[in-house]
Amino acid sequence: MSSDKVSTYSLLAQQAKALIEHESDLIANMANLSALLFNQLDNLNWAGFYILRQDELVLGPFQGQVACVRIPVGKGVCGTAVATGKVQLVADVHQFAGHIACDSASNSEIVIPIRHADDVIAVLDIDSPLLNRFDEEDQAGLEQIVKIFEQHLATTL
């Protein structure tokens with residue numbers, strides 16, 4: 001990881017931990033984490049969460065333009081992340097089969113599944129108007145933040 005990204009994500013991880021460590025409410029924590037990421041990472045047009053409810057993702061706290069409210073599991077980038085249980089790192093969303101265009105300004109996207117008790121319960125979704133905005137370094141940094149969130153969930157849910 002480049003030193004700039006290492007320091008950026010290290011600081012974000014510390015800030016994320018401090019924001020959520022004394023709060024048990026899922027929605028409040030998601031709201032603060034989405035605001036943190038949206039305001040501290042460059043070239044984003046959306047950062048937020050979708051929460052798994054039965055067989056679909058439902059819009060959770062976010063920063064950015066209005067968004068799709070419900071996404072079926074297996075559909076779009078977010079639904080694919082849930083169906084596969086794997087991070088979706090998409091350089092060009094227009095090349096992703098079945099992409100759901102909630103915001104036509106989005107060109108790249110990263111979606112990270114969030115687990116509790118080994119089950120995916122939500123996803124962190126981040127969009128950018130730039131093509132190829134996210135790389136493996138961003139993935140590693142964001143996965144570190146999600147891991148902090150998952151560890152906190154293990155003690156509060």
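This section reports on the structure supplied with the text. All of these numbers come straight from a predicted model, not from anything done at the bench. (Residues numbered from 1 in each chain as written. Predicted model: local features only at pLDDT ≥ 70, side-chain atom pairs only at ≥ 80, totals over all residues. Heavy atoms only, no water.)

Further remarks concern the packing of helix H1 (residues 3-20) against helix H2 (residues 26-40). Contact geometry for H1 and H2: axes closest at 10 Å, N-to-C directions at 155 degrees. By the angle between their axes, H1 is roughly antiparallel relative to H2. For the pair H1 and H2, the crossing hand works out as right-handed. Facing Leu12, Gln15, Ala16, Leu19 and Ile20 of H1, the residues of H2 in contact are Asn29, Asn32, Leu33, Leu36, Leu37 and Gln40. Here the contact of H1 with H2 is composed, by residue class, of seven nonpolar, four polar and no charged. (Axes fitted to C-alpha atoms, helices over the stretch in contact; angles between N-to-C directions. Helix = DSSP H or I, 4+ residues; strand = E, 2+ residues; numbered from the N terminus. Parallel < 35°, antiparallel > 145°, perpendicular 65-115°, else oblique. Left-handed = near helix turned anticlockwise from the far one by under 90°. Contact = heavy atoms within 4.5 Å. Nonpolar A, V, L, I, M, F, W, Y, C, P; charged D, E, K, R; others polar.)

Glancing now at the pattern of salt bridges. Going through the model one piece at a time under the given rule, you end up with five salt bridges. Of the charged contacts in the structure, one is a salt bridge between Lys5 and Asp135, with a shortest N-O distance of 2.8 Å. Taken together, the residues Lys5 in helix H1 and Asp135 in the loop between strand E6 (119-128) and helix H4 (136-156) connect sequence positions 130 residues apart. Lys5 serves as the salt-bridge partner of Asp138, at 2.9 Å between the closest nitrogen and oxygen. (Salt bridge = Lys/Arg side-chain N within 4 Å of Asp/Glu carboxyl O.)

Before going further, it helps to examine the nonpolar core. Ranked by internal contacts, the top residues of the largest apolar core, which has 28 residues, are Leu37, Ile114, Ile126, Leu142 and Phe149. If you list the elements that add at least two residues to this core, you get H1, H2, strand E1 (46-53), strand E5 (108-116), E6 and H4. With six residues, H4 is the largest single contributor of residues to this core. Residues within four places of Leu142 in sequence aside, it is in contact with Tyr9, Leu37, Leu41, Ile110, Ile112 and Ile126. (Core = buried A, V, L, I, M, F, W, Y, C linked by side-chain atoms within 4.5 Å. Buried < 20%, exposed > 50% of the residue type's maximum accessible area, 1.4 Å probe, protein only.)

Right, let's get into unusual backbone geometry. The phi torsion at Asn43 lies on the positive side, around 60 degrees, for a residue other than glycine. Tracing the backbone shows Asn43 in the loop between H2 and E1. The phi dihedral of Asn132 is positive, around 55 degrees, even though this residue is not glycine. Tracing the backbone shows Asn132 in the loop between E6 and H4.

Right, let's get into H4. Look at H4: 30 Å from first C-alpha to last across 21 residues, which is about the 30 Å you get at 1.5 Å a residue. Listed as buried for H4 are Asp138, Gln139, Gly141, Leu142, Ile145, Val146, Ile148, Phe149, Glu150, His152 and Leu153. In this fold, the buried residues of H4 make contact with H1, H2, E1, strand E4 (88-90), E5 and E6. (Expected span 1.5 Å × (residues − 1).)

Packing of H1 against H4 leaves a shortest axis separation of 10 Å and a crossing angle of 15 degrees. In terms of their interaxial angle, H1 and H4 are classed as roughly parallel. Seen from above, H1 lies across H4 with right-handed handedness. Counting all contacts with H1, which are made through Lys5, Tyr9, Leu12, Ala13, Ala16, Lys17 and Ile20, the residues of H4 involved are Glu137, Asp138, Gly141, Leu142, Gln144, Ile145, Ile148, Phe149 and His152. Of the residues that constitute the contact of H1 with H4, the class distribution is nine nonpolar, three polar and four charged.

Consecutive side chains of a regular strand alternate in pointing toward one face of the sheet and then the other. By the criterion of burial, E5 is predominantly enclosed, with seven of the nine residues buried. The sheet contact formed by E4 and E5 spans three bridges and is antiparallel. By the bridge assignment for E5, Val90 is matched with Glu109. Bridge count between E5 and E6: nine bridges; the pairing is antiparallel. If you follow Arg115 over to E6, its bridge partner there is Val120. Counting the residues that bridge the hairpin from E5 to E6 gives two residues, and of these Ala117 lies at a positive phi of roughly 55 degrees. (Pairing = 2+ DSSP bridges.)

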